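A structural walkthrough
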Amino acid sequence: MHRDAPTRDIDESALSVTPPKQQAAGVKAVTVALERAVEEMGVIRTTRTLTRLNQRHGFDCPGCAWPEPSGHRRPAEFCENGAKAVAEEATLRTVTPEFFARHSLEDLADKSGYWLGQQGRLTHPMVLRPGDTHYSPIAWDEAYRLIAEALRGLDSPDEALFYTSGRTANETAFVYQLLARSFGTNNLPDCSNMCHESSGAALSSSIGIGKGSVTIDDFNAAEVIVVAGQNPGTNHPRMLSALQKAKEHGARVIAINPLPETGLLGFRDPQTVKGLTTGIPIADDFLQIRLGGDMALFQGLAHLQFEAEDRAPGTVVDREFVDAHTAGFAEYEKQMRAVDLATVLEATGLTRAELDHVAKLLAESTSTIICWAMGLTQQRHGVVTIEEATNLLLMRGMIGKPGAGVCPVRGHSNVQGDRTMGIWEKMPETFLAALDSEFGITSPRKHGHDVVDAIRAMHEGRASVFFGMGGNFVSATPDTDLTEAALRGCALTVQVSTKLNRSHVVHGRTALILPTLGRSDADLSADGVKQQVSVEDSMSMVHLSTGRLAPVSDQLRSEVSIVCELAAELFGPDHPVPWTTLRADYDAIRDAISRVVPGCTDYNAKVRGRNGFQLPHPPRDAREFHTTTGKANFAANDLQWLPVPQGRLILQTLRSHDQYNTTIYGLDDRYRGIHNARRVVLVHPDDIAELGFAEGDLVDVISEWTDGVERKVTGFRLVAYSTPRGNAAAYYPETNPLVPLNHVAERSNTPVSKAVTVRFEPHVHTV
Ligand SMILES: Nc1nc2c(c(=O)[nH]1)N[C@H]1C(S)=C(S)[C@@H](COP(=O)(O)OP(=O)(O)OC[C@H]3O[C@@H](n4cnc5c(=O)[nH]c(N)nc54)[C@H](O)[C@@H]3O)O[C@H]1N2
Ligand SMILES: Nc1nc2c(c(=O)[nH]1)N[C@H]1C(S)=C(S)[C@@H](COP(=O)(O)OP(=O)(O)OC[C@H]3O[C@@H](n4cnc5c(=O)[nH]c(N)nc54)[C@H](O)[C@@H]3O)O[C@H]1N2
Ligand SMILES: [Mo]
């Protein structure tokens, strides 16, 4: 079955730049999807996987967390990038013990993340002991013994870290957090800490629940849909179909972004015959905002809502809603009336006419949805920016009614479900108490480390066992050099993975790679029964996912098995948690979930319903707000924005069209016209000139931060691009060395990946 993997690595000098595309998707997307799929999996597996993707009785796409339509599903309910995600996982290329014998660690350390990922699926548990030059095979039982010994040898359970990436299904997440808490720590950092943590923090304090309040059907009842800080054409392509449908129902879409992202501006629906040839613009209005200008924008728009209310009293502010359901309105009103529009224009880089136009649309809309993603969350003032967006909706009563609400569009396909299942370093007392009474354990109450704190703890020697349930910790996190040193200082690093990545190459004194099943793989119980897992999408819909492909190796174990088998070894036979029962039949896990996790009563039955089931959301369901005041809270915040220092630029780090986070599918950021290479910086042409460079120059990028440390990445090509003056963009994870660990969002501790102050220096070739 083995297929050849590429042997050559990225050649950055092969870069070619073409004009950005005007329309996303269309025929090209279908061809790219199928080509990639067939190349990796062959024709038979391609058909078997793509026809099951996002279908009832099929498996959930490991791509993004965008929900499936509630009613009719089309035969091809996936997108180009979903197909790439599946091909990446269902590939027939394999990374075997022979591969590790051929490639020393030194050799692998020189390769790019792209090359590593392209080598194929991991097939065998591998170990690296102190002094080894190569990984070598290890038996599962021995691997568990090694981990259990390291964990038992710690001075405190808090010296262990249990990281989760958001692909992990609910059943795994539940047993995994149970393992960490049984062991005695809340150190459960997860990718959410780097992603929508700011949304969770803002929404919890504003509306009492850290999740979005809209369903997919609300899109068809909305009059205005704002899409801020998000690039759905690449990262949530199926959202474009939903936006297109919403527009057919009369919605107006307003895009707020520093970049004219192709998917927002034009879309050809590859799932309809007409859409293949005729495109439509998605955004009716495009505000090309400065990086970090959104808080100012939302405050400016609020100011103008109050002016509109003065002109026609009783038409803009929803008094009835505000009086009955909210707290803090008077203070908010006072502050918004005092907003200085000149500052708003400077902070956003927008014109007064643009502001007035959007303010009018919002004031007249009877149902408004605000959607956002990383452009808002990964800012120093990310939490307060999201609070301002929520304020703007609350003053107009736009929550808990059809066609209106907050819509943080999640990233990883089950990142929201992982949180529901207890993957959080600070789960509330109610959850811990329920967990304890279900299993007869005593969960620790002290909050654990999130991602940034986990790195600090490893760096300072306060943590020395790192266990990664998926993901690619070392490449996804900020301040790469420091983080690498932190991981290298660990006694043991363990990675449960499907594919090879940089986190296997940057390791503790002892390192383990534990290969696991992916979503598309069949997961059979000991007596040959197909196990199913469940996931929750961005709109709180929970449903089953069943993999059917034959795994590439008989050595792969499911994530649930790995957790339960390790726990059995670690805690011994007398432990109160029935680890072997949980492992044998996931229904037993779901039964426990039904008693512990709020909203999950009758989980096994409900999750088997036609479309699964929707978790409760008090603001959406009943305009109930479980906040400190018992009402929705208006937050009164002082304005923050990002002035650009002289001779510097503010850099955002983002995704190309051909990657999934740190997994690089290919080298073609087709919509932006960047081909064959990734080390580029997109800069306004006038800034390139003003800084004394020319388009195509090779530069080093140096980030400046208050700690005085100069962080640097080298050999980046300047590309002239449409972005506001003073702002630049470059790909993640190549630019993660530039993001200072301590540069985090207030209140959410999320790394500020969308606002790094940088300067350029000419790149000097060294031989
Ligand atoms: N194919 C694919 N799908 C994915 C992923 C992937 O890597 N590949 N990743 C998944 C994950 S984990 C996540 S979290 C999501 C990420 O989805 P996105 O948030 O769309 O991802 P980014 O590429 O980080 O893009 C950020 C967008 O915000 C804009 N932006 C940046 N700063 C600002 C700002 O200050 N204000 C405003 N208004 N806009 C700004 C950028 O120009 C860009 O369009 O996608 C998920 N889906
Ligand atoms: N500079 C910068 N940094 C960022 C961001 C940014 O925008 N800019 N975005 C942040 C965001 S939003 C996120 S969510 C994080 C992502 O951080 P992570 O979730 O840690 O990273 P991924 O790249 O998604 O992880 C990919 C790896 O997961 C493993 N994997 C894939 N599928 C499975 C599976 O089913 N099971 C298991 N066990 N393993 C699997 C594979 O081995 C693969 O190499 O990165 C963050 N980092
Ligand atoms: Mo994410």
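Residues numbered from 1 in each chain as written. Chains lettered and ligands numbered in written order. Predicted model: local features only at pLDDT ≥ 70, side-chain atom pairs only at ≥ 80, totals over all residues. Heavy atoms only, no water.

1. Concerning the pairing of strand β8 (residues 224-228)
In summary, the side chains of a regular strand alternate between the two faces of the sheet. Within β8, five of the five residues are buried, leaving the element largely enclosed by the surrounding structure. In β8, alternate side chains face the same way, and those of V224, V226 and A228 on one face and I225 and V227 on the other are all buried. As paired strands, β8 and strand β9 (residues 252-256) are joined by five bridges and run parallel to one another. Following the sheet pairing, V224 is matched in β9 by R252. Pairing geometry for β8 and strand β13 (residues 368-372), over five bridges, is parallel. The partner of V226 across the bridge, within β13, is I370. (Buried < 20%, exposed > 50% of the residue type's maximum accessible area, 1.4 Å probe, protein only. Helix = DSSP H or I, 4+ residues; strand = E, 2+ residues; numbered from the N terminus. Pairing = 2+ DSSP bridges.)

2. Brief notes about the packing of helix α13 (residues 294-311) against helix α17 (residues 352-364)
Helices that pack against each other are described as a pair by the angle of their axes relative to one another and the distance between those axes. It is the contact of α13 with α17, at a shortest axis distance of 9 Å, that shows an interaxial angle of 60°. As for the relative orientation of α13 and α17, their crossing is right-handed in sense. Contacts between α13 and α17 involve L297, L301, L304, Q305, E307 and A308 on the former and, on the latter, R352, L355, D356, V358, A359, L362 and A363. Residue composition of the contact of α13 with α17, by class: nine nonpolar, one polar and three charged. (Axes fitted to C-alpha atoms, helices over the stretch in contact; angles between N-to-C directions. Left-handed = near helix turned anticlockwise from the far one by under 90°. Contact = heavy atoms within 4.5 Å. Nonpolar A, V, L, I, M, F, W, Y, C, P; charged D, E, K, R; others polar.)

3. Remarks on the sheet that holds strand β31 (residues 756-762)
With mixed pairing, six strands are arranged side by side around a closed barrel as β22-β30-β27-β29-β28-β31. Going across the sheet, the axis of each strand differs from the next one's by a mean of 45°, ignoring polarity. Relative to strand β29 (residues 711-720), strand β27 (residues 680-683) runs parallel, the two being bridged by four bridges. Across the sheet, V681 pairs through a bridge with L718, a residue of β29.

4. Let's talk about the environment of N611
In this structure, N611 sits in the loop between α29 (603-607) and β20 (613-614). Distance from N611 to R56, taken between C-alpha atoms, is 7.5 Å for residues 555 residues apart in sequence.

5. Some details on a nonpolar patch on the surface
Taken together, V38, V43 and I44 make up a surface patch of nonpolar side chains, about 280 Å² in accessible area. In this structure, V38 sits in helix α1 (residues 26-50). (Patch = residues over 30% accessible without salt bridge, like charges linked within 9 Å, V, L, I, M, F, W, Y side chains within 5 Å. Areas by Shrake-Rupley, 256 points an atom, 1.4 Å probe, with all protein chains shown as cover. Salt bridge = Lys/Arg side-chain N within 4 Å of Asp/Glu carboxyl O.)

6. A word on the packing of aromatic side chains
Within a pair of aromatic rings, the relevant descriptors are the distance that separates the centres and the angle that separates the planes. Inspection of the entire model under this criterion finds 21 aromatic pairs. Seen in terms of ring centroids, W66 and F219 are 5.5 Å apart; in terms of plane orientation they differ by 90°. Their pairing is edge-to-face. Residue W66 is found in the loop between α1 and α2 (80-90), and its partner F219 is found in the loop between α8 (197-207) and β8; the two are separated by 153 residues along the sequence. Judged by its relative accessible area of 3%, W66 falls in the buried class. Relative accessible area serves as the criterion here: at 0%, F219 is assigned to the buried category. Residues F321 and F625 carry aromatic rings whose centres are separated by 6.3 Å and whose planes lie at 80° to one another, so their mutual orientation is edge-to-face. (Phe/Tyr/Trp six-rings, centres within 6.5 Å; stacked < 30°, edge-to-face > 60°.)

7. Structural notes on the nonpolar core
F162, F174, L512 and W579 are the most contacted members of the largest nonpolar core, which has 65 residues in total. In this structure, V226, F306, V317 and L392 belong to the second largest nonpolar core, which totals 49 residues. (Core = buried A, V, L, I, M, F, W, Y, C linked by side-chain atoms within 4.5 Å.)

8. Concerning the sheet that holds strand β18 (residues 533-536)
The strand order β18-β19-β20 describes an open sheet built from three strands, whose pairing is antiparallel. Each end of this open sheet is capped by a strand with a single partner; those strands are β18 and β20. Two elements, β18 and strand β19 (residues 541-545), share four bridges in a ladder whose sense is antiparallel. By the bridge assignment, V533 is partnered in β19 with S545. Its contacts with the sheet place helix α7 (residues 170-183) against β18 and β19, and it is angled at close to 95° to β18.

9. Looking at the site of ligand 1
N257, E261, D294, Q659 and N661 are the nearest of the 31 residues found near ligand 1. Measuring from an oxygen atom of ligand 1, one finds a backbone N or O atom of N231 at 2.8 Å. Contact with the protein chains covers 99% of the free accessible surface of ligand 1, which is 920 Å². Of all elements in the fold, only α9 (232-235), α18 (374-377), β22 (649-654) and β23 (659-660) reach the threshold of two or more residues within the shell around ligand 1. Residue classes in the shell around ligand 1 are distributed as eleven nonpolar, 16 polar and four charged. Counting the residues that make up the shell around ligand 1, at least three belong to each of domain 3 (197-409) and domain 4 (649-762). (Near = heavy atom within 4 Å. Polar contact = N/O pair within 3.5 Å; in protein donor to acceptor, adjacent residues only side chain to side chain. Domains from an automatic or database assignment.)

10. Remarks on α7
When the terminal C-alpha atoms of α7 are compared, their 20 Å separation across 14 residues agrees well with the 20 Å that a helix rising 1.5 Å per residue should span. Burial of α7 is extensive: 14 of the 14 residues sit out of reach of the surface. Positioned one or two residues after α7, G184 has a phi angle of 115°, which is positive. (Expected span 1.5 Å × (residues − 1).)

11. Side note on the pattern of salt bridges
Per the counting criterion, the structure on display carries 51 salt bridges. E734 is paired through a salt bridge with R678; the nearest N and O atoms lie 2.6 Å apart. On the criterion of sequence distance, the pair formed by E734 in the loop between β30 (727-731) and β31 and R678 in the loop between β26 (674-675) and β27 is long-range, its members being 56 residues apart. One salt bridge in this structure joins R759 and E704, with 2.8 Å as the shortest N-O distance. Of the two residues, R759 is situated in strand β31 and E704 in the loop between β28 (698-703) and β29; the sequence distance between them amounts to 55 residues. The exposure class assigned to R759 is buried, which follows from its relative accessible area of 16%.

12. What about the site of ligand 2?
Every one of the 30 residues lining ligand 2 counts as a neighbour, but Y163, A476, E559, T662 and Y732 are closest to it. Taking Q378, its side chain carries an N or O atom lying 3.2 Å from an oxygen atom of ligand 2. Interatomic distance of 3.5 Å between a backbone N/O atom of G470 and a nitrogen atom of ligand 2. Out of a free accessible area of 930 Å², ligand 2 has 96% covered by protein chains. Tallied by class, residues from the shell around ligand 2 come to nine nonpolar, 16 polar and five charged. Looking at which domains feed residues into the shell around ligand 2, each of domain 2 (94-195 + 414-601) and domain 4 (649-762) gives three or more.

13. Points about the packing of helix α6 (residues 140-152) against helix α26 (residues 559-571)
The contact between α6 and α26 brings their axes to 9 Å, and the two run at 60°. The pairing of α6 with α26 is recorded here as oblique in orientation. Judged by the twist between their axes, the crossing of α6 over α26 is right-handed. On α26, the residues touching W140, Y144, R145, I147, A148, L151 and R152 of α6 are S561, I562, E565, L566, E569 and L570. (Parallel < 35°, antiparallel > 145°, perpendicular 65-115°, else oblique.)

14. Examining the environment of N257
Relative to the elements of secondary structure, N257 occurs in the loop between β9 and α11 (262-265). When its relative accessible area of 4% is taken as the criterion, N257 is described as buried. Between the C-alpha atom of N257 and that of S16, which follows or precedes it by 241 residues, the distance is 25 Å. A distance of 2.9 Å separates a polar side-chain atom of N257 from the backbone nitrogen of L259.

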